[in-house]
Amino acid sequence: MQDTGSRILLDRMDQAFVDYSQQAERLSALLAKPMGASSWTLYHDLQKQRTAETVAYERYHKLQEELFARIAPAVPDRPESSLA
């Protein structure tokens, strides 16, 4: 996996993971706040952050799938068994 395209994809995946981690931390911080009965602002912030975290994860996961699709399966070291 030494080609330039894979390297660029790996760099993008690394950055997407950093973004996802930051969004997850922000969501965690919001979830740790005490929620009052009429805290619509906090509820709205939670919904926005949950969406941001989900989008960041999906971006990371898509890049990960694309990168792993480029990896060729391993070639077996031994001959296939004739027993089925």
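Residues numbered from 1 in each chain as written. Predicted model: local features only at pLDDT ≥ 70, side-chain atom pairs only at ≥ 80, totals over all residues. Heavy atoms only, no water.

Enquirer: For this particular structure, what's the right way to read the packing of helix α1 (residues 4–32) against helix α2 (residues 40–69)?
Expert: Helix-helix packing: each pair is described by the crossing angle between the helix axes and the interaxial distance. One way to put it is that α1 packs onto α2 with a least axis distance of 8 Å and a crossing angle of 160 degrees. Considering the angle they form, α1 stands roughly antiparallel to α2. The interaxial crossing formed by α1 with α2 has left-handed handedness. In the contact of α1 with α2, the residues fall into 18 nonpolar, four polar and eight charged. (Axes fitted to C-alpha atoms, helices over the stretch in contact; angles between N-to-C directions. Helix = DSSP H or I, 4+ residues; strand = E, 2+ residues; numbered from the N terminus. Parallel < 35°, antiparallel > 145°, perpendicular 65-115°, else oblique. Left-handed = near helix turned anticlockwise from the far one by under 90°. Nonpolar A, V, L, I, M, F, W, Y, C, P; charged D, E, K, R; others polar.)

Enquirer: For this particular structure, what's the right way to read the pattern of salt bridges?
Expert: One side chain can pair with another of opposite charge once the charged atoms of both are near each other. Under the definition given, this model contains two salt bridges. For arginine 70, the salt bridge goes to aspartate 3, with nearest N and O atoms at 3.3 Å. With arginine 70 in the segment after α2 and aspartate 3 in the segment before α1, this residue pair connects regions lying 67 residues apart in the sequence. Given a relative accessible area of 42%, arginine 70 falls into the partly exposed group. For aspartate 11, the salt bridge goes to arginine 7, with nearest N and O atoms at 3.1 Å. A residue pair is termed a helical-turn pair when its members lie 3 or 4 positions apart in one helix, as aspartate 11 and arginine 7 do in helix α1 at four residues. The partly exposed category is assigned to arginine 7, whose relative accessible area is 47%. (Salt bridge = Lys/Arg side-chain N within 4 Å of Asp/Glu carboxyl O. Buried < 20%, exposed > 50% of the residue type's maximum accessible area, 1.4 Å probe, protein only.)

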